[in-house]
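Now for the letters of each chain:
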Amino acid sequence: RYWRDWSSDVCSSDLELLGRWRARVADYPQGLREAMVKHWWRFFPLWYHEQALASRDAGLWRQEELVNAAYALVGTLAGVNRLYFARFEFKRQRAFLEKLSVAPARFADRLESLFALPPADAIAELGALVLETQAIVQRELPGIDVTLRRPPGGAQVEPWG
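Everything in this summary refers to the structure shown in the same document.

Let's shift gears to the layout of surface pockets. The computed volume of the largest pocket comes to approximately 190 Å³. Per-class residue counts for the lining of the largest pocket are six nonpolar, no polar and four charged.

Our next topic: the packing of aromatic side chains. Inspection of the entire model under this criterion finds nine aromatic pairs. Considering the side-chain rings of Phe44 and Trp61, the 5.1 Å spacing of their centres and the 85 degrees angle between planes classify their relative orientation as edge-to-face. Of this pair, Phe44 sits in the loop between α3 (30-40) and α4 (46-54) while Trp61 sits in helix α5 (residues 59-80); the two residues are 17 residues apart in sequence, bridging distant segments of the chain. Using a relative accessible area of 31% as the deciding quantity, one classes Trp61 as partly exposed. Here the aromatic rings of Tyr71 and Phe85 are separated by 6.4 Å at their centres, their planes lie at 35 degrees, and the arrangement is tilted. Note that Tyr71 is positioned in helix α5 and Phe85 in the loop between α5 and α6 (93-98), a separation of 14 residues in sequence. A connected cluster of aromatic rings, assembled from ring pairs, spans Trp40, Tyr71, Phe85, Phe90 and Phe96. Lying over the aromatic face of Tyr48, Arg150 brings its terminal NZ or CZ to 4.2 Å of the ring centre.

Glancing now at the packing of α4 against helix α8 (residues 119-140). Direction vectors running N to C along α4 and α8 enclose 170 degrees, while the axes themselves pass 10 Å from each other. By the angle class used here, α4 and α8 are roughly antiparallel. Of the two elements, α4 crosses α8, and the hand of that crossing is left-handed. Counting all contacts with α4, which are made through Leu46, Trp47 and Glu50, the residues of α8 involved are Ala120, Ile123, Leu126, Gly127 and Val130.

A few words now on the pattern of salt bridges. Tallying each qualifying case throughout the model produces six salt bridges. Here Arg33 makes a salt bridge to Glu140, at a shortest N to O gap of 3.7 Å. Of this pair, Arg33 sits in helix α3 while Glu140 is found in helix α8, placing the two residues 107 residues apart along the sequence. Given the relative accessible area of 28%, Glu140 is considered partly exposed. Among the salt bridges present, the one from Arg94 reaches Glu112, with a minimum N-O distance of 2.6 Å. In this pair, Arg94 sits in helix α6 while Glu112 sits in helix α7 (residues 107-113), placing the two residues 18 residues apart along the sequence. In this structure, a network of salt bridges that share partners links the residues Arg33, Arg139 and Glu140.

Each value, and the rule that gives it
- Residues numbered from 1 in each chain as written.
- Predicted model: local features only at pLDDT ≥ 70, side-chain atom pairs only at ≥ 80, totals over all residues.
- Heavy atoms only, no water.
- 1 Å grid on protein atoms, 1.4 Å probe; cavity = no way out; pocket = protein on both sides within 12 Å on 5 of 7 lines; lining within 4 Å.
- Points joined across faces, edges and corners; volume = space filled by probe spheres on them.
- Nonpolar A, V, L, I, M, F, W, Y, C, P; charged D, E, K, R; others polar.
- Phe/Tyr/Trp six-rings, centres within 6.5 Å; stacked < 30°, edge-to-face > 60°.
- Helix = DSSP H or I, 4+ residues; strand = E, 2+ residues; numbered from the N terminus.
- Buried < 20%, exposed > 50% of the residue type's maximum accessible area, 1.4 Å probe, protein only.
- Lys NZ or Arg CZ within 6 Å of the ring centre and 35° of its normal.
- Axes fitted to C-alpha atoms, helices over the stretch in contact; angles between N-to-C directions.
- Parallel < 35°, antiparallel > 145°, perpendicular 65-115°, else oblique.
- Left-handed = near helix turned anticlockwise from the far one by under 90°.
- Contact = heavy atoms within 4.5 Å.
- Salt bridge = Lys/Arg side-chain N within 4 Å of Asp/Glu carboxyl O.

Encoded structure:
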């Protein structure tokens with residue numbers, strides 16, 4: 001019953017409020033765009049620790065960091081593309097990713113591949129996606145700081161004994 005005819009229980013003042021909210025979020029403001037990028041641009045540098053992690057039994061932790069990085073990329077690109085995104089309700093993944101008109105080439109396929117590739121390849125692909133996304137943000141929102149303390153392709157920490 002609730003899902004079928006909930007609108008009959010809504011009074012006109014509720015509909016007016018919903019209308020105002022819809023109007024308010026229809027225009028994705030520049031400030032929100034910038035805030036989204038600033039909020040989501042954070043990555044644990046798996047590429048820096050790759051060799052050290054290879055000698056550890058840390059598969060679950062590595063997967064968790066890949067998931068966190070995937071969400072960070074999606075959230076960052078959602079902000080660039082003026083799309084609303086919330087991790088806790090991220091559904092219809094492929095359809096959402098295809099709405100990202102400004103994104104690395106083949107972004108959806110490459111993002112999904114992070115969870116099927118061997119660990120070293122997944123980490124390398126993540127690094128490439130991070131660098132490509134960084135270049136996009138620098139081009140689209142030049143005032144936003146997206147520097148990385150340990151960028152992909154740089155030095156790596158020595159393996160632990």
